[in-house]
Each structure stands twice: as C-alpha cells, then as structure tokens.
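Breakdown of the fold
Single-letter residue listing:
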Amino acid sequence: MEKIVIEGKRPLSGEVKISGSKNSALPIMAATLLTDGPCVLENVPRLRDTLTMAKILKSLGKAVDFSGNTLKISSKNGLNPVADYDLVSTMRGSFCVLGPLLAKLGHAKVSLPGGCVIGVRPVDLHLKGLRALGAKIEIEGGYIVTHTKGLKGAQIYLGGVFGSSVLATDNIMMAAVLAKGETIIESAACEPEVEDLGNFLNSMGAKITGHGTPKITIKGVKELHGANYSITSDRIEAATFVLLAAATKSPITVTNANYSQLLVLVDKLEEYGAKIRVKDGAIDIKTPRKGKPVSVTTYPYPGFPTDIQAQFMALMALTPGVSVITDKVFPDRYMHIPELNRMGANIRREGNNAIVEGTPRLFGAPVMASDLRASAALVIAGLAAEGVTEIHRAYHIDRGYENLDQKLIALGAKIRRENE
Ligand code: EPZ
C-alpha cells in the first residue's frame, strides 16, 4: 500500500481544472445496461471507482473501452444478471446496477453493498421502490435476488429517516424507464448527479421530467437506444479545492466548475470572511487573514453536502473560535476527527455533533485515511500544517480524485508517494 507524503506550508497558487463527476459517472455507466445500443461517455474521471465500475460492466457482459476520459460501452452477447460480491463490496456505488439489470432482463442477483466507515449503508428505500414497481425480492446469502413478470409504473414515496437517497432515486428511475405506464417518485434526491442521470436517460429515449427536483415523473417506454453524453463536472472536487485554497490562504482559481452547484458552500465561506468571484466559469477565492468560525449542518441537496463535511472541518480546525459541525446524512461520518487531532486540532464529538475549537496552526504527523472525503480533509490539513504529513492508505484518495497529486504539484505543493 502507498502513503502520501506532504511538506506543508508551501505557497500555493495557480489554476486547477475540475474533472468529470465521479458520482454522476457511476450511475450513468450503470444506465448503459438498459440498452443494447452503443454509448460513448466523455469527461469520465479516470479513477479507482470508475475503473471498478468498468470491470463490473464487463463482468455483466458489456464490451467496455476506457481510454483517457472517454468510455465506449457496447453489447457483446446477452447480459449476465449476477453482480458478484468481490466487486460490489469494494464500491457501494455499484449497487445502482440493480435497477437497470432488473428492468432489462426481468431478473437480477446483486450483492448487498455492506457497510463502510461512514455508516451502515442500508438499502431499504431501493427495495421499497422496486417492490412498488412489481419486483419480487429475496435476500439470499448476502445477495438481493429479484425477478418480475414485468415492471409496472407506480407512485412511490422515497423519503427515508435521513431524507432522500441519491442511489435509491437512481435505481428506481432506471427501473421505471422500461416499466409499463407512469411512475412518480416523491421525495426524490435532487442532487445534480441525479439530474445528470435523468438527462442521460432522456438522451437514450426515456421520458423523464422533474429530475433534479423532489418529484420525478417517468413515462415508461418500450426500449432505449444508445447515446453519446458528456458527464457534468465534479462539484465535490471543486468544493474540495475551494476549501483547500481557503485553508492554505492561497490565490487559487478553480476552472471547469459549476458555480451554481456550490451556492451553499459560497454562502458559508462568505460568512467565514472569504470573497468568492466568478468570471466566465472560473472561481476565484480571496481568503481573509483571520477567518470567522462557521457552524454547518449537512442535508441532502441543496443543503450543505455531507461529502464536503470533512474538508470544511479541516478549515474550521484552522480557524480560531468555536464552530459546530453536524452530519445529518451520515451521523457517524467523523473518522477524520482523531486524525486531525493528531495534527494538533482540537475537535471533540458530542453525540453526532463535532465541536471544533479552531487553532491558528496545525503540525504535520503520520495519519490514516479512512474514507474518500476524510482523506481529502487530511490532504488539506497536511498542506496547511507546519512540517511533514504522511497519509497512510492513500488508495482512499484515488477512489474519487483524478490526478490529485499532479494537480497539487502544479499549484506548488511538495507531495510524493512512498510505499508504506
Ligand atoms: C451517494 O451515496 C454518494 N455516492 C455518496 O458519496 C454521498 O455521500 C451520498 O449519496 C449522500 O449525498 C454516490 O453517488 C456513488 P444516500 P448513497 O442513499 O446514494 C440513508 C462519496 O464520497 N439511506 O443518498 O449511497 C443512508 O444511510 C460518496 O463520493 C437509507 O436509510 O447515499 C444515508 O444516511 C460517499 N436507506 C442517507 O440515506 C436507503 O435505502 C443518504 O444516503 C438508502 C440510504
């Protein structure tokens, strides 16, 4: 395994171009299972999770050619209906092959995703939605085994105890596009990645309206044709670099980002005292010498994203004063707290609140990456800290950030990889 070694406190500046969205690419790749026609996807980020999803599509019978950021996906012979454990368990996002496989084949066997460090990852909403469409579902040996005589449109309320579910909305939308009749999803997830999936499905001939809002209407069609599509840019990567600029007080311009998807972060950073300017799609961040502590609570989109909670905590750890960070989406998503504290941060948990007593300085230390976004928080802290930080289990970062090391080196960071 590799570790990332960062020499902190180096002056950073320049431009960083944001890649395609991982969380948009994964369900869109799964959606190609719905057609026998060829699909060409552009602006696909080349990272562990999209490479894993490409492997899964191949195991399901698709021909997949992934070169650069272009993915060509076509059919060979029929589809294999079984998505096995050793691939699905490495990436929970692959559970979104369930809906398309069931819609296309009328049956599917997909491994339950299992839990991970950020939470239990239940799938009750996925199963509730598929049953409402007429699927029979059993759980056998850690697998979801499902079949149907033909999916029928239904009105489905998909809100859960933690609010809407992104991948459950994706799974049900993909199952409903080939169902007989009309499906309405109430309390659907509104994330831009769900909207992107709906746009891709419509480019394949689906009839979807309301995607990106809490109410999605899908009129079932007989079949879908192949399509070419360009993936939207990654709002979480963009937010990560904006927070990195603020935490290191660096003049960094973020390009190829979708400013309108970052409004809640801009709102919080203006409260912190930063000045955010947008000029022809490029986002400039001016950071105050002394920022103000800001409290945040995460919610489903358009609320403050759980996927930048850890990165925001790294900024608050460096902001003298007290801020409270609460994750309402994944209440246990705090594995980064003890690692930030090893670097001199002063953060404590009280229930599912993190109380951050900011300090002017952090110090380099060996730390452990735990999940993708916690690792990003440790990179931000390492760049801002005095001394050398070693982030062990660097593969977590490579799951969701394309060419992160190169992007940081281009900004002036001193960062390298070593074997652990
Ligand atoms: C997606 O995961 C993202 N992953 C996650 O990003 C992101 O953190 C999450 O949405 C929330 O925005 C992908 O898009 C591949 P959810 P997903 O279902 O869909 C509960 C990253 O770092 N829930 O929206 O699996 C669930 O436990 C990853 O890129 C149920 O209760 O998340 C959570 O508390 C991490 N029942 C809440 O809903 C269900 O059936 C939101 O989860 C499903 C979910």
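The model shown is predicted, which means the values in this text are computed figures rather than measured ones. (Residues numbered from 1 in each chain as written. Predicted model: local features only at pLDDT ≥ 70, side-chain atom pairs only at ≥ 80, totals over all residues. Heavy atoms only, no water.)

1. As for the overall build of the protein
Quick note on the threshold: Numbering of helices and strands starts at the N terminus; helices are DSSP runs of H or I of at least 4 residues and strands are runs of E of at least 2. For a compact globule the rule gives 2.2 Å times the number of residues to the power 0.38, and the radius of gyration it is set against comes from C-alpha atoms. Only protein chains enter the accessibility calculation, which uses a 1.4 Å probe; a residue is then buried when its area is under 20% of its type maximum, exposed when over 50%, and partly exposed in between. Should any heavy atoms of two residues lie within 4.5 Å, those residues are considered in contact. Areas reported as accessible are Shrake-Rupley estimates using a 1.4 Å probe. Residue values count occlusion only from the protein chains shown.
Of the regular secondary structure elements, the protein holds 14 helices and 24 strands. A compact globule built from 420 residues should have a C-alpha radius of gyration of about 22 Å, and the protein, at 21 Å, falls within 12% of that. Counting only C-alpha atoms and orienting by the principal axes, one finds that the protein spans roughly 65 × 45 × 40 Å. By residue count, 58% of the 420 residues in the protein fall in the buried class. Taking all contacts inside the protein whose residues are at least 6 apart in sequence as the whole, residues at least 24 apart take part in 72%. Accessible surface, the protein: about 16,200 Å² in total, of which carbon and sulfur atoms supply 52%.

2. Points about the environment of Pro27
Structurally, Pro27 is set in helix α1 (residues 22–31). You can call Pro27 buried: its relative accessible area is 1%. Leave out the neighbours within four places in its chain, and Pro27 touches Cys96, Asp170, Met174 and Leu197.

3. A closer look at the sheet that holds strand β3 (residues 39–42)
Basically, it comes down to this: A pair of strands is treated as paired once DSSP finds two or more bridges between them. Angles shown run from 0 to 180 degrees and are taken between the N-to-C directions of axes, each axis being a line fitted to C-alpha atoms and, for helices, limited to the stretch in contact.
Pairing in this open sheet of four strands is mixed, and the strands run β4-β5-β3-β14 from one edge to the other. A single partner strand is all that each edge strand has here, and the edge strands are β4 (62–67) and β14 (228–230). Each strand of the sheet is rotated relative to its neighbour by a mean of 15°, with strand direction disregarded. Where β3 meets β14, three bridges bridge the pair, whose relative direction is parallel. What sits directly across from Glu42, in β14, is Ser230. Of the strands in this sheet, β4 and β5 (70–75) are in contact with helix α2 (residues 48–59), which crosses β4 at around 155°. Along the sheet, helix α7 (residues 192–203) contacts β3 and β14; its crossing angle with β14, the most-contacted strand, is approximately 160°.

4. Considerations on the sheet that holds strand β7 (residues 107–111)
The four strands lie next to each other as β6-β7-β9-β8, forming an open sheet whose pairing is mixed. Lying at the two open borders of the sheet, with one neighbouring strand each, are β6 (82–83) and β8 (136–140). Strands β7 and β9 (143–147) of the sheet are contacted by helix α4 (residues 98–105), whose axis makes an angle of about 160° with β7.

5. Describing the packing of aromatic side chains
As a reminder, the rule being used: Each aromatic pair joins two rings of Phe, Tyr and Trp (for Trp, the six-membered one) with centres within 6.5 Å, and gets the label stacked for planes under 30 degrees apart, edge-to-face for over 60, and tilted for any other angle. Our definition puts a charge over a ring when NZ of Lys or CZ of Arg is within 6 Å of the ring centre and also within 35 degrees of the ring normal.
Taken as a whole and assessed by the stated rule, the structure comprises two aromatic pairs. Summarising the aromatic geometry, the rings of Phe304 and Phe312 are spaced 5.3 Å apart at their centres and angled 75° between planes, so their arrangement reads as edge-to-face. Under the relative-accessibility criterion, Phe312 is labelled buried at 0%. In this arrangement the basic side chain of Arg46 is found over the ring face of Phe66, its NZ or CZ atom lying 4.5 Å from the centre. Over the face of the ring belonging to Tyr143 we find Lys109, whose NZ or CZ atom lies 4.9 Å from the ring centre.

6. Quick look at the domain arrangement of the protein
Rules: Residue ranges labeled as domains rest on an automatic or database domain assignment. Each of two parts loses accessible area, computed with a 1.4 Å probe, when they are put together; buried area is these two losses added. A side-chain nitrogen of Lys or Arg and a carboxyl oxygen of Asp or Glu constitute a salt bridge if their distance falls within 4 Å.
Examined at the domain level, the protein breaks down into domain 1 (2–19 + 233–419) and domain 2 (22–221). The gap between the C-alpha centroids of domain 1 and domain 2 is 30 Å. Each side of the interface is counted separately: domain 1 has 25 residues, and domain 2 has 22 residues. Buried surface at the junction of domain 1 and domain 2, both sides included, amounts to about 1,900 Å², of which 54% is carbon and sulfur. It is Tyr301, Arg399 and Glu402 that lose the most area in domain 1 upon contact with domain 2, and together they represent 31% of the buried surface on that side. We note a salt bridge from Glu193 to Arg235, for which the minimum N-O separation is 2.7 Å. Put simply, the parts of the chain that give the side of domain 1 that touches domain 2 at least two residues each are α12 (372–384) and α13 (395–400). Tallying contributions element by element places α13 first for the side of domain 1 that touches domain 2, with four residues.

7. Topic: the site of the ligand
What counts, and what does not: For this description, a residue counts as near a given molecule or strand if any of its non-hydrogen atoms is within 4 Å of it. The definition of a polar contact used here is a pair of N or O atoms within 3.5 Å, where within protein one atom must be able to donate a hydrogen and the other to accept one, and adjacent residues in sequence count solely through side-chain atom pairs. Gly is put with the polar residues, along with every residue not named as nonpolar or charged; the nonpolar set is Ala, Val, Leu, Ile, Met, Phe, Trp, Tyr, Cys and Pro, and the charged set is Asp, Glu, Lys and Arg.
Surveying the vicinity of the ligand reveals 21 residues, the closest of which are Asp124, Leu125, Ser165, Asp307 and Val329. Here an oxygen atom of the ligand sits 2.8 Å away from a polar atom, N or O, in the main chain of Val166. Expressed as a share of its isolated accessible area of 820 Å², the protein-covered part of the ligand is 91%. Here the element with the most residues in the shell around the ligand is helix α5 (residues 124–132); it accounts for three residues. Grouping the amino acids of the shell around the ligand by side-chain chemistry returns ten nonpolar, five polar and six charged. Counting contributing residues per domain, the shell around the ligand is built from domain 1 (2–19 + 233–419) and domain 2 (22–221), each supplying no fewer than three.

8. Describing helix α9 (residues 263–272)
Put simply, the rule is: Starting at the helix axis, one direction is taken to each C-beta atom, and the arc is that of these directions.
By the burial criterion, the buried members of α9 are Leu265, Val266, Lys268, Leu269 and Tyr272. Buried residues of α9, seen end-on, are gathered within an arc of 165° and therefore sit on one face of the element. On the buried face of α9, the contacting elements are α8 (235–247), β16 (275–279), β18 (296–298) and α10 (309–317).

9. Looking at the nonpolar core
Applicable threshold: Nonpolar core, defined: a set of buried Ala, Val, Leu, Ile, Met, Phe, Trp, Tyr and Cys residues in which side-chain atoms within 4.5 Å join the residues together.
In terms of nonpolar packing, the biggest core is built from 72 residues, with Val97 and Leu201 touching the most fellow members. Setting aside chain neighbours within four positions, we find Leu201 in contact with Ala31, Leu34, Met173, Met174, Val177, Ala206, Ile208 and Leu224. In terms of nonpolar packing, the next biggest core, distinct from the first, is built from 71 residues, Ile285, Phe312, Leu372 and Ile415 among them.

10. So, the packing of α4 against helix α6 (residues 166–176)
Quick note on the threshold: Relative orientations are named as follows: roughly parallel for angles under 35 degrees, roughly antiparallel for angles over 145 degrees, roughly perpendicular for angles from 65 to 115 degrees, and oblique for any other angle. The hand of a helix crossing depends on one turn: near helix anticlockwise from the far one by less than a right angle means left-handed, and clockwise means right-handed.
In contact at an axis separation of 7 Å, α4 and α6 are set at 15° when each is read in the N-to-C sense. Our classification of the angle between α4 and α6 gives roughly parallel. Considering how the two elements wind past one another, α4 and α6 form a crossing that is right-handed. Contacts between α4 and α6 pair Leu98, Gly99, Pro100 and Ala103 from the former with Asn171, Met174 and Ala175 from the latter. A class-by-class count of the residues in the contact of α4 with α6 yields five nonpolar, two polar and no charged.

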